[in-house]
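Below are the chains, spelled out letter by letter.
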Amino acid sequence: MGKIYIIDVTNRDGVQTAKLGLSKLAKTMVNLYLNRLGVFQSEFGFPTTRHESNYLKANMKLQDMGVLKPIRLGGWLRATAEDVNRAYELVPGIKDLNLSISTSTQMIHGKFRGISSEQAVLDTAMRALDAALKHGASGVGVNAEDASRTDTEFLVRFGKAAKENGAARFRYCDTLGCDTPFTICETGKLLAEEVKLPIELHCHNDLGMAVANSVAGAMGVVDGGQDAYINTTVNGIGERAGNADLVAVVLALKKAKGLSKKYKFGTPIHLNIAWKISNYASYAFKVPIPINQPGVGANAFAHASGIHADGVLKDPQNYELYDFKELGRGEPEMVETGREISSGEYSGISGFRHIMGKLEVNLENRADAEDILELVRFANVEAQKPLVEEELVFIARYPEIARELLTLAPLS
Ligand SMILES: [Zn+2]
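Caption draft 1: A look at the coordination of the zinc ion. For the zinc ion, the full set of protein donor atoms is Asp-13 (OD), His-202 (NE2) and His-204 (NE2), and the range of their distances to it is 2.1 Å. Taken in sequence order, the residues that donate to the zinc ion follow the motif D-x188-H-x1-H. Taken together, the residues Asp-13 in helix 1 (residues 10–14) and His-202 in strand 7 (residues 199–203) connect sequence positions 189 residues apart. Under the relative-accessibility criterion, Asp-13 is labelled buried at 2%. Overall, the relative accessible area of 4% leaves His-202 in the buried class.

Caption draft 2: Focus on the packing of helix 14 (residues 349–358) against helix 15 (residues 366–383). Following both chains from N to C, one finds helix 14 and helix 15 inclined at 90 degrees, their axes separated by 10 Å at the closest point. Classed by the angle they form, the pair helix 14 and helix 15 counts as roughly perpendicular. Contacts between helix 14 and helix 15 involve Ile-349, Phe-352 and Arg-353 from the former and Arg-366, Ala-369, Glu-370, Ile-372, Leu-373 and Val-376 from the latter. Looking at the contact of helix 14 with helix 15 residue by residue, the classes come out as six nonpolar, no polar and three charged.

Caption draft 3: Region of interest: the pairing of strand 5 (residues 139–145). By the criterion of burial, strand 5 is predominantly enclosed, with six of the seven residues buried. By the bridge criterion, seven bridges tie strand 4 (residues 96–102) to strand 5 in an arrangement that is parallel. Residue pairing in the sheet places Ser-102 in a bridge with Glu-145 of strand 5. In this sheet, strand 6 (residues 169–174) lies alongside strand 5 in parallel orientation, the contact comprising four bridges.

Caption draft 4: Quick peek at the nonpolar core. With 128 residues, the main nonpolar core has Leu-99 and Phe-158 as its most contacted residues. Excluding residues that lie within four positions of it along the chain, Phe-158 makes contacts with Ile-101, Thr-103, Val-121, Leu-122, Ala-125, Met-126, Val-142, Asn-143, Ala-144 and Phe-170. Counting residues in each nonpolar core, the second largest holds five residues, with Ile-7, Val-9, Phe-40 and Tyr-229 among its members.

Caption draft 5: Representation of the packing of helix 2 (residues 24–37) against helix 12 (residues 274–285). Contact geometry for helix 2 and helix 12: axes closest at 10 Å, N-to-C directions at 165 degrees. Accordingly, the angle class assigned to the pair helix 2 and helix 12 is roughly antiparallel. Every pair of crossing elements has a handedness; the one defined by helix 2 and helix 12 is left-handed. Contact residues: Ala-26, Met-29, Val-30, Tyr-33, Leu-34, Arg-36 and Leu-37 in helix 2; Ala-274, Lys-276, Ile-277, Tyr-280 and Ala-284 in helix 12. Tallied by class, residues from the contact of helix 2 with helix 12 come to ten nonpolar, no polar and two charged.

Caption draft 6: Examining the pattern of salt bridges more closely. For the structure on display, the rule yields 24 salt bridges. With a shortest N-O distance of 2.6 Å, Glu-43 and Arg-171 are connected by a salt bridge. Of the two residues, Glu-43 sits in strand 2 (residues 41–45) while Arg-171 sits in strand 6, which places them 128 residues apart along the sequence. The same class applies to Glu-43 and to Arg-171, which are both buried. In this structure, the salt-bridge partner of Asp-223 is Lys-262, at a minimum N-O distance of 2.9 Å. Remark: Lys-262 occurs in helix 11 (residues 259–262) and Asp-223 occurs in helix 9 (residues 210–223); sequence separation between them is 39 residues.

Caption draft 7: Region of interest: the sheet that holds strand 1 (residues 4–8). Taken in spatial order, the eight strands of this closed barrel run 1-2-3-4-5-6-7-8, and their pairing is parallel. Adjacent strand axes in the sheet meet at a mean angle of 25 degrees when their direction is disregarded. Strands in contact with helix 4 (residues 81–90) are strand 3 (72–78) and strand 4; relative to strand 3, the strand with the most contacts, it is inclined by about 135 degrees. With respect to the sheet, helix 9 is in contact with strand 1, strand 6, strand 7 and strand 8 (228–232), its orientation differing from that of strand 7 by roughly 165 degrees.

Caption draft 8: Representation of the packing of aromatic side chains. Within the structure shown, the criterion is met by eleven aromatic pairs. Ring centres of Phe-158 and Phe-170 lie 5.9 Å apart, and the angle between their planes is 65 degrees; this geometry places the pair in the edge-to-face category. Of this pair, Phe-158 sits in helix 7 (residues 152–164) while Phe-170 sits in strand 6, placing them twelve residues apart in sequence. When its relative accessible area of 0% is taken as the criterion, Phe-170 is described as buried. Ring geometry for Phe-301 against Tyr-322: centres 5.8 Å apart, planes inclined by 80 degrees, an arrangement best described as edge-to-face. Residue Phe-301 is found in the loop between helix 12 and helix 13 (306–314), and its partner Tyr-322 is found in the loop between helix 13 and helix 14; the two are separated by 21 residues along the sequence. Tyr-322 carries the same exposure label as Phe-301, and that label is buried.

Caption draft 9: The arrangement of helix 15 in detail. Relative to the 26 Å expected for 18 residues at 1.5 Å per residue, helix 15 spans 25 Å between its end C-alpha atoms, a close match to the ideal helical length. Among the residues making up helix 15, those that are buried are Ala-369, Ile-372, Leu-373, Leu-375, Val-376, Ala-379, Asn-380 and Ala-383. Buried residues of helix 15, seen end-on, are gathered within an arc of 165 degrees and therefore sit on one face of the element. For helix 15, the secondary structure elements touched by its buried residues are helix 2, helix 14, helix 16 (389–397) and helix 17 (399–405). Sitting at the head of helix 15, Asn-365 places a side-chain oxygen 2.9 Å from the backbone nitrogen of Ala-367. Phi turns positive, to about 55 degrees, at Gln-384, one or two residues after helix 15.

About the thresholds
Residues numbered from 1 in each chain as written. Predicted model: local features only at pLDDT ≥ 70, side-chain atom pairs only at ≥ 80, totals over all residues. Heavy atoms only, no water. Donors = N, O, S within 2.8 Å, 3.2 Å for Na, K, Ca; no water. Helix = DSSP H or I, 4+ residues; strand = E, 2+ residues; numbered from the N terminus. Buried < 20%, exposed > 50% of the residue type's maximum accessible area, 1.4 Å probe, protein only. Axes fitted to C-alpha atoms, helices over the stretch in contact; angles between N-to-C directions. Parallel < 35°, antiparallel > 145°, perpendicular 65-115°, else oblique. Contact = heavy atoms within 4.5 Å. Nonpolar A, V, L, I, M, F, W, Y, C, P; charged D, E, K, R; others polar. Pairing = 2+ DSSP bridges. Core = buried A, V, L, I, M, F, W, Y, C linked by side-chain atoms within 4.5 Å. Left-handed = near helix turned anticlockwise from the far one by under 90°. Salt bridge = Lys/Arg side-chain N within 4 Å of Asp/Glu carboxyl O. Phe/Tyr/Trp six-rings, centres within 6.5 Å; stacked < 30°, edge-to-face > 60°. Expected span 1.5 Å × (residues − 1). Arc of directions from axis to C-beta. Polar contact = N/O pair within 3.5 Å; in protein donor to acceptor, adjacent residues only side chain to side chain.

This is the structure:
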């Protein structure tokens, strides 16, 4: 029986969203939280984009150090041999990749403007796959962009070619969010049966069905005898109306009627990180969590009406499907209501020592403290808002990694 895994794409689809972005430190923090939550892989960025290189390499070092473990870190790139070669020039040693190319007639004629054909798309992607494997990649997913508007026969042929040429997975992208739970369940099953590779479901939320489509697609893939990999983002952040929300997908698979008996996660999922990761991403992206967001919204466990309040007080299960503690909610949080000293790009040593002392980080050696402070100043330049406690602790604990994350050298 196939299992279900999460590949989170916040650090790729999330950050490429219009009007939104994350600092390299924030992207690193997201990877750390995803690892704690039990996500199989973070699609951590763009190996052909120069300003990503230091960040990607630094996170791969954290992986080698065992700090980012067991999570895998996958790069996203266009499925051309040129881009693959460029990726290995900039980020040597990267192991996991997703190679993306459009497969629909709409894109072939509307985007490539007729200079391509289905066969040319297939050949281009297979050359890229071959190049990636020759460079030493071990987990390569081949990605059909706009798969939901692609002729199924071609999709199967493309997937089979990917399998024959050594791909680890095949990514089905509902790029425009036009699938329904019924259509994607059927297609997921067919792809699993015909292609005989693990299938990734990448769903967008243009019709408000990204979570439902992801779950239904995964059910189809498992029914077809393969492992399913669901692409999520934290708080559903993504292009246009967003992607499938990480926490909602996990909740649906764990709590929806009858699902968890048959459709099981392949890695242990620690849902008690949900509150932390969701609030961190909200702060880092500067996007509030909707009040009615499943699991983590301010109203997700709020009751006012007489009948509901009475019912939930007698027995929470009367009106709550799951317990707030399961999501890591309910812990008291410290909010400063009096004098506040925060970190900034112009901070000095005295205020900084005060902040770090409160976090129980010992910076007795003045030279060390000055070094960490300098890194914190640079992190503030990038973030343009006070760093959160866990970011400060991360910098103090891994100053060399922080230095690499904060190094941008556009003219070299
Ligand atoms: Zn997408």
